[in-house]
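Commentary on secondary and tertiary structure
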Amino acid sequence: MNISDCLKYKNDFISYLEIEKHLALNTRKSYDLDLAQFINFWKEIQGKEDSEITLSRAISRYNTALLHKTLDKRSVARKMSCLSSFIRYLKLHDISVEIAFERPKIINKAPEFLLNNEIEFLIHELSNRNIPSQKPTRDKLILDILYSTGIRCSEIVNIKIKDIDLVNKQIFINTKNRKSRVVPLKEKTEGKLKFYIEKERSEKGEFLFLNHKSESLTTRSIQRICGMFERFLTEGKKITPHILRHSFAIHMIQEGADLKTV
């Protein structure tokens, strides 16, 4: 297989990931970018050689080059995983590529989470006057809901007013790729949510959390809002939607919740 053939199969592979594997758009974009970087590398080294460089040899040299670059090990592992998937796709078309990857060793760090007293301070004790935001009630409520329900960042931005049931203290969570589910609201959270809707949420729109254009906040906006609260913690400690979700799980288990349920 030459570079032109590889490029054709790459495009077919990305379509295959969408139609047959139903992978999310962001995942397909990552695969497309990783394969494009590999093909560009292949073109570059081919331009320096007189004889044709095979796909197997190009992958082997690419693997070596990545391992010697100052890249995050997880990035290298992801790129190799992408190539592995591409090779499996080629085998479906009777194209065999014999190559053994050298994968970087990844040492899993202990997951970050916030302590109970840190959560208590940020959500219940921190004064709105100290929060550098025009919508402090909204921003604290975002932290509160992410932590107290354990929902994902991609889920909180999609909550609509119609999804909120204050009478029964619950929120209906809807996502494109997952079944709908109901998450309970703690009494304190329910009270703050009601106050936010009635007192601070002046914009009109179907989504719960809105920007100044009355549009749903993006996941990036949620991440920035979470990061804004880092100044109130020990220096160097991070706050992200994922860390809040993990804190929720850790604290549930510490309180005796079943691991499988969490």
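See the structure above.
**Describing the packing of helix 3 (residues 55-68) against helix 4 (residues 73-92)**
Viewed as axis vectors pointing N to C, helix 3 and helix 4 meet at an angle of 170°, and their least axial separation amounts to 10 Å. Considering their axes alone, helix 3 and helix 4 lie roughly antiparallel with respect to each other. Along its contact with helix 3, which presents Leu55, Ile59, Tyr62, Asn63, Leu66 and Leu67, the element helix 4 presents Val76, Lys79, Met80, Leu83, Ile87 and Leu90. Among the residues making up the contact of helix 3 with helix 4, the classes are represented as ten nonpolar, one polar and one charged.

**Observations concerning the side chain of glutamate 200**
Structurally, the position occupied by glutamate 200 is in helix 8 (residues 187-200). No salt bridge is formed by the buried glutamate 200, whose closest oppositely charged neighbour, lysine 135, lies at an N-O distance of 5.3 Å. Within the local environment of glutamate 200, its side chain forms a polar contact with the side chain of threonine 137, the two groups lying 3.2 Å apart. With near-sequence residues (within four places) excluded, glutamate 200 lies in contact with Lys135, Pro136, Thr137, Arg138 and Phe195.

**Digging into the environment of asparagine 40**
As for its position among the elements, asparagine 40 is in helix 2 (residues 25-46). With 150 residues separating them along the chain, asparagine 40 and glutamate 190 place their C-alpha atoms 53 Å apart.

**Observations regarding the pattern of salt bridges**
Under the counting rule described, the total for this entry stands at 14 salt bridges. Here lysine 10 ties to aspartate 32 by a salt bridge, and the two come within 2.8 Å at their closest N and O atoms. Remark: aspartate 32 occurs in helix 2 and lysine 10 occurs in helix 1 (residues 3-19); sequence separation between them is 22 residues. Looking at aspartate 32, the relative accessible area reads 29%, which means it is partly exposed. Across the pair aspartate 144 and lysine 192 runs a salt bridge whose closest N-O atoms are separated by 3.8 Å. Note that aspartate 144 is positioned in helix 6 (residues 136-149) and lysine 192 in helix 8, a separation of 48 residues in sequence. In this structure lysine 192 comes out as partly exposed when scored by relative accessible area, which is 27%. Overlapping salt bridges bring together Asp34, Arg78 and Lys79 as one network.

**Observations concerning the side chain of aspartate 139**
Tracing the backbone through its elements, the reader meets aspartate 139 in helix 6. Residue classification places aspartate 139 among the buried positions, given a relative accessible area of 1%. Within polar-contact distance, the side chain of aspartate 139 engages the side chain of arginine 138 at 2.9 Å. The contacts of aspartate 139, once residues within four sequence positions are left out, are Ser133, Ile225, Met228 and Phe229.

**Remarks on the pairing of strand 2 (residues 170-173)**
Going residue by residue along strand 2, you find Ile171 and Ile173 tucked away on one face and Gln170 and Phe172 left uncovered on the opposite face. Bridge count between strand 1 (residues 164-165) and strand 2: two bridges; the pairing is antiparallel. Directly across from aspartate 165, in strand 2, lies its bridge partner glutamine 170. Counting the residues that bridge the hairpin from strand 1 to strand 2 gives four residues, and of these lysine 169 lies at a positive phi of roughly 55°. Pairing geometry for strand 2 and strand 3 (residues 181-184), over four bridges, is antiparallel. Paired with glutamine 170 across the strands is proline 184, a residue of strand 3.

**A few points about the sheet that holds strand 3**
Across the sheet, three strands lie side by side as 1-2-3; this open sheet has antiparallel pairing. Strands with a single pairing partner mark the edges of an open sheet, and in this sheet they are strand 1 and strand 3.

Basis of the calculations
- Residues numbered from 1 in each chain as written.
- Predicted model: local features only at pLDDT ≥ 70, side-chain atom pairs only at ≥ 80, totals over all residues.
- Heavy atoms only, no water.
- Axes fitted to C-alpha atoms, helices over the stretch in contact; angles between N-to-C directions.
- Helix = DSSP H or I, 4+ residues; strand = E, 2+ residues; numbered from the N terminus.
- Parallel < 35°, antiparallel > 145°, perpendicular 65-115°, else oblique.
- Contact = heavy atoms within 4.5 Å.
- Nonpolar A, V, L, I, M, F, W, Y, C, P; charged D, E, K, R; others polar.
- Buried < 20%, exposed > 50% of the residue type's maximum accessible area, 1.4 Å probe, protein only.
- Lys, Arg positive; Asp, Glu negative; His and termini not counted.
- Salt bridge = Lys/Arg side-chain N within 4 Å of Asp/Glu carboxyl O.
- Polar contact = N/O pair within 3.5 Å; in protein donor to acceptor, adjacent residues only side chain to side chain.
- Pairing = 2+ DSSP bridges.

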